[in-house]
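Examining the three-dimensional arrangement
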Amino acid sequence: MNSCLRGYRPVPYDLRCRLDSPSRARDFFAREYAHFHPTVRSLFSAIDTGSFVFVDTITMIRLPRVIAGRVALLGDAAACPTFLSGMRSSFAMLSAESLAAHLTSGKPIAAALADDNVDVLARAAGVQQSAQRMQKIVLGQSRLDTTVCDSVLAAAPVGWLLGHAKKFYGSQANAA
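The following paragraphs examine the structure supplied in this document. None of these values were measured; they are calculated from a predicted model. (Residues numbered from 1 in each chain as written. Predicted model: local features only at pLDDT ≥ 70, side-chain atom pairs only at ≥ 80, totals over all residues. Heavy atoms only, no water.)

1. Regarding the overall build of the chain
Helix and strand content of the chain: seven helices and two strands. Listed by position from the N terminus, the elements making up the chain come as α-α-β-β-α-α-α-α-α. In the chain, which comprises 176 residues, the share counted as buried stands at 27%. Counting only carbon and sulfur atoms, one obtains 60% of the accessible surface of the chain, whose full area is about 11,500 Å². (Helix = DSSP H or I, 4+ residues; strand = E, 2+ residues; numbered from the N terminus. Buried < 20%, exposed > 50% of the residue type's maximum accessible area, 1.4 Å probe, protein only. Areas by Shrake-Rupley, 256 points an atom, 1.4 Å probe, with all protein chains shown as cover.)

Rendered as structure tokens:
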């Protein structure tokens, strides 16, 4: 049985060392997610010694600069956001637009790049703050938080939910 499971769990410690073998991962998932739907639990129980289990942390890095000499980092390379920021490729486009505006400003290249560095770092900080806010909403810190959030999301009308998501991410894009 070939399955791919992806899960996100906020924990105050690094799970990679605790889930260093398929059997430890299977036991952890069975214990921690015993309340999940039977289909999901059956996928967990199907993990055997030949299974590949990849565990990683969701991390954001604040860079001291995104420009060095004539090299400029754009998009995810500059902001290091997680998927929770909701920016996807739009931050790359905003970064490219910013760089182009600075390079065509008439200032010497070194000054234009320095100005772009300041602007992109400020935008990157905003994108990371957005991801941190979304993490608190999407990845509850306790089972109770997660249950309440999941229940609200399940009961919410799709149009209302999409409207709020567009409003949230629209304000993040405008702030970036």
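2. Digging into the side chain of Ser95
Structurally, Ser95 is set in helix H4 (residues 90–103). On the accessibility criterion, Ser95 (1% relative accessible area) is buried. When sequence neighbours within four positions are dropped, the list of residues in contact with Ser95 reads Leu74 and Gly75. (Contact = heavy atoms within 4.5 Å.)

3. Re the side chain of Gln128
Inspection of the secondary structure assignment puts Gln128 in helix H5 (residues 109–138). A polar contact of 2.5 Å, which involves the side chain of Gln128, links it to the side chain of Arg62. When residues no more than four places from it in sequence are discounted, the contact partners of Gln128 are Met60, Ile61, Arg62, Ala79 and Cys80. (Polar contact = N/O pair within 3.5 Å; in protein donor to acceptor, adjacent residues only side chain to side chain.)

The values are spatial; any link to function lies outside them.
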